[in-house]
Amino acid sequence: MKKANSQAKEGAERTRRAIVKLLKHAGPMDANQLASELGVTAMAVRQHLYDLQEQELVTFTEEARAMGRPAKLWRLTTEANRLFPDGYADLTVSLIESMKEAFGEEGLDKLLEIRNSKLIKEYQSKALVTLPLKEKLEAFAESRTAEGYMAEIIENPDGSFYFVEKHCPICEAAKACTDICKKELEMFQDVLGDGTQVSRGEHILKGDNRCVYWIKSEDSPE
């Protein structure tokens, strides 16, 4: 009996982890969508969602449907970020505060410049400037994913791309030093080159579920 109960608990925990991971990757979903992806019943998914809600890991908004009652669209809360790589958030924030005290804002800015220069060289060694834009973005996304950003690219019909990052492992550090995010945008531009337009739409630091960069080659047809 104890073994059966233990196995049931482990199975439930695996399902809850799968729900969290799916919401992280796909964004808001209703119980039926989650059930279809996971191969379990919607009733079982709802029970897991309510358990996750009690842990303050998920929340929902209601979306009107053409027929029937509004659907609950479930999404992760900011509290759920602790379940994913955080880049040693507490230590990083502490170091940022210490650097501000030791070197001032100007000194901290210089250190960030050095950090970005090293990152740019590392990314450019993989996302070679000679590669077509799509291949360059794929190599760049692979590097960012290895660092915990859960990056992917989406090709648009007009030849532009969305570079999507579903997690920010340096989010707490960026809250403590907003220049980090500003320099991230500049770093994207430097990695992809002068012939590429880069702008950021959705932004995790502003409360969105992901960071989305719109990227287009200046040589692409309008």
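Details of the structure are given in the entry above.
What this report covers is the structure whose coordinates are included nearby. Values in this document were obtained by computation on a predicted structure and should not be read as measured data.

The next subject is the side chain of His203. In this fold, His203 is placed in the loop between strand S5 (196–200) and strand S6 (211–217). What makes His203 buried here is its relative accessible area of 7%. Ignoring anything within four residues of it in the chain, the contact list for His203 reads Cys181, Asp208, Arg210 and Cys211.

Attention now moves to unusual backbone geometry. Its identity as a non-glycine residue notwithstanding, Glu56 has a phi of 60°, on the positive side. Assignment of secondary structure puts Glu56 in the loop between helix H3 (42–54) and strand S1 (58–63). A relative accessible area of 56% means that Glu56 is categorised as exposed. One non-glycine residue, Met150, lies in the positive phi region at around 50°.

Bringing the sheet that holds S6 into the picture now. Strand pairing in a sheet takes place through backbone hydrogen bonds and is either antiparallel or parallel in direction. Taken together, four strands build an open sheet; the order of strands is S3-S4-S6-S5 and the sheet is antiparallel. For this open sheet the edge positions go to strand S3 (151–155) and S5, each flanked by a neighbour on one side alone. Sheet twist, expressed as the average angle between the axes of neighbouring strands with direction ignored, equals 20°. With five bridges connecting them, S5 and S6 associate as antiparallel partners. Its bridge partner being in S6, Val198 is matched across the sheet by Ile215. Along the sheet, helix H5 (residues 133–146) contacts S3, strand S4 (161–165), S5 and S6; its crossing angle with S3, the most-contacted strand, is approximately 155°.

All right, on to the packing of helix H2 (residues 31–38) against H3 then. Remark: H2 packs on H3, axes separated minimally by 8 Å, with the N-to-C direction vectors making an angle of 110°. The angle between the axes of H2 and H3 places the two elements in the roughly perpendicular class. Between H2 and H3 lies a crossing whose hand is right-handed. Seen from H2, the contacting residues are Ala31, Asn32, Leu34 and Ala35; seen from H3, they are Ala42, Val45, Arg46 and Leu49. When its residues are assigned to classes, the contact of H2 with H3 shows six nonpolar, one polar and one charged.

Analysis parameters
Along each chain, residues carry numbers from 1 onward, in the same order as the chain's sequence is written. Side-chain atom pairs in this predicted model are given and counted only at pLDDT of 80 or more, local residue features only at pLDDT of at least 70, and totals for whole chains, interfaces and linings cover all residues. Here the side-chain values reflect all heavy atoms present in the structure, with hydrogen atoms and water set aside. A helix here means a DSSP run of H or I that spans at least four residues, while a strand means a run of E at least two residues long, and both kinds are numbered starting from the N terminus. Throughout, exposure labels follow a simple rule: accessible area from a 1.4 Å probe, protein chains only, divided by the maximum for the residue type, with under 20% read as buried, over 50% as exposed, and the rest as partly exposed. The criterion used for residue contact is that any of the two residues' heavy atoms lie within 4.5 Å. Only when DSSP finds a minimum of two bridges between them are two strands counted as paired. The axes used here are C-alpha line fits, helices contributing only the stretch in contact, and every angle between their N-to-C directions lies in the interval 0 to 180 degrees. Note on terminology: angles under 35 degrees are roughly parallel, angles over 145 are roughly antiparallel, angles of 65 to 115 are roughly perpendicular, and the others are oblique. Helix crossings get a hand from a simple test, with the near helix turned counterclockwise from the far one by less than a right angle marking a left-handed crossing and a clockwise turn marking a right-handed one. Put simply, Ala, Val, Leu, Ile, Met, Phe, Trp, Tyr, Cys and Pro go in the nonpolar bin, Asp, Glu, Lys and Arg in the charged bin, and everything else, Gly too, in the polar bin.

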